[in-house]
Amino acid sequence: MISIGARTSAGRARGRSRPRPIEVRFRTIVSPQQLNSRWGRRVYWAVLLTVLAGSTLAFVFPLYWMVTGAMKTGEELARMPPTAVPEAPTLDAFAEAWELFDIGLLLRNTAFYALGGWLFSMAVDVCAAYALSKLRPAFGNVVLGAMLATLMVPPMVVLIPLYVTVADLGLLNDPWGLWLPAAANGFNIFLLKRFFDSIPRELIEAARIDGAGPLRVLWSVVLPVSRPILGVVSIFTIVASFKDFVWPLLVMTESARMTVSVGLSQTAGAVSQNAIMAGLVIASVPTIIVFFFFQRHIMAGLTAGSIKG
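Residues numbered from 1 in each chain as written. Predicted model: local features only at pLDDT ≥ 70, side-chain atom pairs only at ≥ 80, totals over all residues. Heavy atoms only, no water.

A. Focus on the overall build of the chain. On a plain count of helices and strands, the chain comes out with 16 helices and zero strands. Counting the 309 residues in the chain, one finds 30% classified as buried. In the chain, 73% of the contacts between residues at least 6 apart in sequence involve partners at least 24 apart. With an accessible surface of roughly 20,400 Å², the chain has 67% of that area assigned to carbon and sulfur atoms. (Helix = DSSP H or I, 4+ residues; strand = E, 2+ residues; numbered from the N terminus. Buried < 20%, exposed > 50% of the residue type's maximum accessible area, 1.4 Å probe, protein only. Contact = heavy atoms within 4.5 Å. Areas by Shrake-Rupley, 256 points an atom, 1.4 Å probe, with all protein chains shown as cover.)

B. Representation of the packing of helix 6 (residues 103-135) against helix 12 (residues 214-222) within the structure. The interhelical angle for the contact between helix 6 and helix 12, taken along N-to-C directions, is 105 degrees, at an axis separation of 12 Å. Classed by the angle they form, the pair helix 6 and helix 12 counts as roughly perpendicular. Contact residues: Val-126, Tyr-130 and Leu-135 in helix 6; Pro-214, Val-217, Leu-218 and Val-222 in helix 12. Split into classes, the residues belonging to the contact of helix 6 with helix 12 amount to seven nonpolar, no polar and no charged. (Axes fitted to C-alpha atoms, helices over the stretch in contact; angles between N-to-C directions. Parallel < 35°, antiparallel > 145°, perpendicular 65-115°, else oblique. Nonpolar A, V, L, I, M, F, W, Y, C, P; charged D, E, K, R; others polar.)

C. Examining the nonpolar core more closely. One finds Val-126, Leu-192, Phe-196, Val-217, Val-222 and Ile-229 to be the most contacted residues of the largest nonpolar core, which totals 24 residues. For this core, the secondary-structure elements that each account for two or more residues are helix 6, helix 10 (186-197), helix 11 (201-209), helix 12 and helix 13 (227-243). The element best represented in this core is helix 6, accounting for six residues. What Leu-192 contacts, discounting residues up to four positions off in sequence, is Asp-125, Val-126, Ala-129, Ile-229, Leu-230 and Val-233. Counting 21 residues, the second largest nonpolar core, distinct from the first, contains Leu-77, Phe-94, Phe-101 and Met-258. (Core = buried A, V, L, I, M, F, W, Y, C linked by side-chain atoms within 4.5 Å.)

D. Molecular detail of the packing of aromatic side chains. Considering all chains together, one arrives at eight aromatic pairs under this definition. Measuring from ring centre to ring centre gives 6.4 Å for Phe-61 and Tyr-64, while their planes differ by 40 degrees; the resulting arrangement is tilted. Taken together, the residues span about one helical turn, with Phe-61 and Tyr-64 both in helix 3 (residues 38-70) at a distance of three residues. Judged by relative accessible area, Phe-61 falls into the partly exposed class, the value being 40%. Residues Phe-120 and Trp-176 carry aromatic rings whose centres are separated by 4.9 Å and whose planes lie at 65 degrees to one another, so their mutual orientation is edge-to-face. Here Phe-120 is found in helix 6, whereas its partner Trp-176 is found in helix 9 (residues 176-179), with 56 residues between them in sequence. You can call Trp-176 partly exposed: its relative accessible area is 36%. Within the aromatic cluster, the residues linked to one another by ring pairs are Phe-112, Tyr-113, Phe-120, Trp-176 and Trp-179. (Phe/Tyr/Trp six-rings, centres within 6.5 Å; stacked < 30°, edge-to-face > 60°.)

E. A look at the packing of helix 7 (residues 140-149) against helix 10. Interhelical geometry of helix 7 versus helix 10 gives an angle of 135 degrees and a closest axis separation of 8 Å. Relative to helix 10, helix 7 is oriented oblique. Crossing angle aside, the handedness with which helix 7 passes helix 10 is left-handed. On helix 10, the residues that touch Leu-144, Met-147 and Leu-148 of helix 7 are Gly-186, Ile-189, Phe-190 and Lys-193. Looking at the contact of helix 7 with helix 10, its residues break down into five nonpolar, one polar and one charged. (Left-handed = near helix turned anticlockwise from the far one by under 90°.)

F. Inspection of a nonpolar patch on the surface at higher detail. Judged by side-chain polarity, Met-156, Ile-160, Tyr-163, Val-164, Leu-172, Phe-245, Val-246, Leu-249 and Leu-250 come together as a nonpolar surface patch covering roughly 710 Å² of accessible area. Elements with a minimum of two residues in the nonpolar patch: helix 8 (159-168) and helix 14 (246-251). With respect to the helices and strands, the residue Val-164 is situated in helix 8. (Patch = residues over 30% accessible without salt bridge, like charges linked within 9 Å, V, L, I, M, F, W, Y side chains within 5 Å. Salt bridge = Lys/Arg side-chain N within 4 Å of Asp/Glu carboxyl O.)

G. Seen up close, the environment of Val-281. Considering the arrangement of structural elements, one finds Val-281 in helix 16 (residues 273-303). For Val-281, a relative accessible area of 13% corresponds to the buried category. Separated by 187 residues in the primary sequence, Val-281 and Phe-94 place their C-alpha atoms 8.6 Å from one another. For Val-281, the contacting residues outside a window of four places in its chain are Met-66, Val-67, Ala-70 and Phe-94.

H. Spatial organisation of the pattern of salt bridges. The full count for this structure, using the stated rule, is four salt bridges. When the shortest N-O distance is used, the salt bridge between Arg-201 and Glu-205 registers 4.0 Å. Of this pair, Arg-201 and Glu-205 both sit in helix 11, four residues apart, which is roughly one turn of that helix.

I. Region of the structure containing the environment of Pro-214. One can find Pro-214 in helix 12. For the pair Pro-214 and Leu-135, spaced 79 residues apart in sequence, the C-alpha separation works out to 8.1 Å. For Pro-214, the contacting residues outside a window of four places in its chain are Tyr-130 and Leu-135.

J. Examining the environment of Leu-135 more closely. Considering the arrangement of structural elements, one finds Leu-135 in helix 6. Not counting chain neighbours up to four residues away, the residues in contact with Leu-135 comprise Tyr-130, Arg-208 and Pro-214.

In structure tokens:
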């Protein structure tokens, strides 16, 4: 017979026993043991390097082919099979393209349209995101959902009604025909709102206690701490203005008002192929420079506001 004291001691011993550690099991194609083996590490690095090299080649090869094509002669560019490296590299096609396409005028037009589109886009998108994030209007989530729903609609679907609207307003061959349709962008508003949501509410309340109104809070509190995301939205807007083709083709029909992408396409049939390649290289230089100078700001702005605390 077991005494009551013995049972009580046994119960206390069981109560003081430590819980067993939880074993973590990985459910993957390759187990950690196989991956840590000598052959596992070799296969892992071989697959990783193959995927990286293949993806890099897929993105970089068109740019390489465009640059090398501009350095070839017309006969070498039309040769079959094509040569991977120019036999006698020359830069004559770049000077020819600059004169034939009048790229200087096209770049000035595009820069002017991009600057105006950036100003209007920042004004509309920042104010809309600030209102949805900090002012909290009625049915704000419904409005935001409707803005994001526009991203699901293909641009070609709204192209005809948008063109008819711009034509009825008399904005053809006018910069306003490019600026007004691009002023509101649902994706930019979503990025800005996500960042504005991460700004501490104590800053907003302290500014309101000091007597600052909504516009003063936006200008003096929200915008100074939102430089990363403002830089990202600015880069997206400027690059989109430089690479847009269909809408400027419909709106800007006069040769003196064309953008660089439209101007190159309109004159491409009257020049040689290497001159076309050279013109495309020159037109790509501004956006490439913007990316290489601001790529760090792009990544910082996209991840800013995603983690709180």
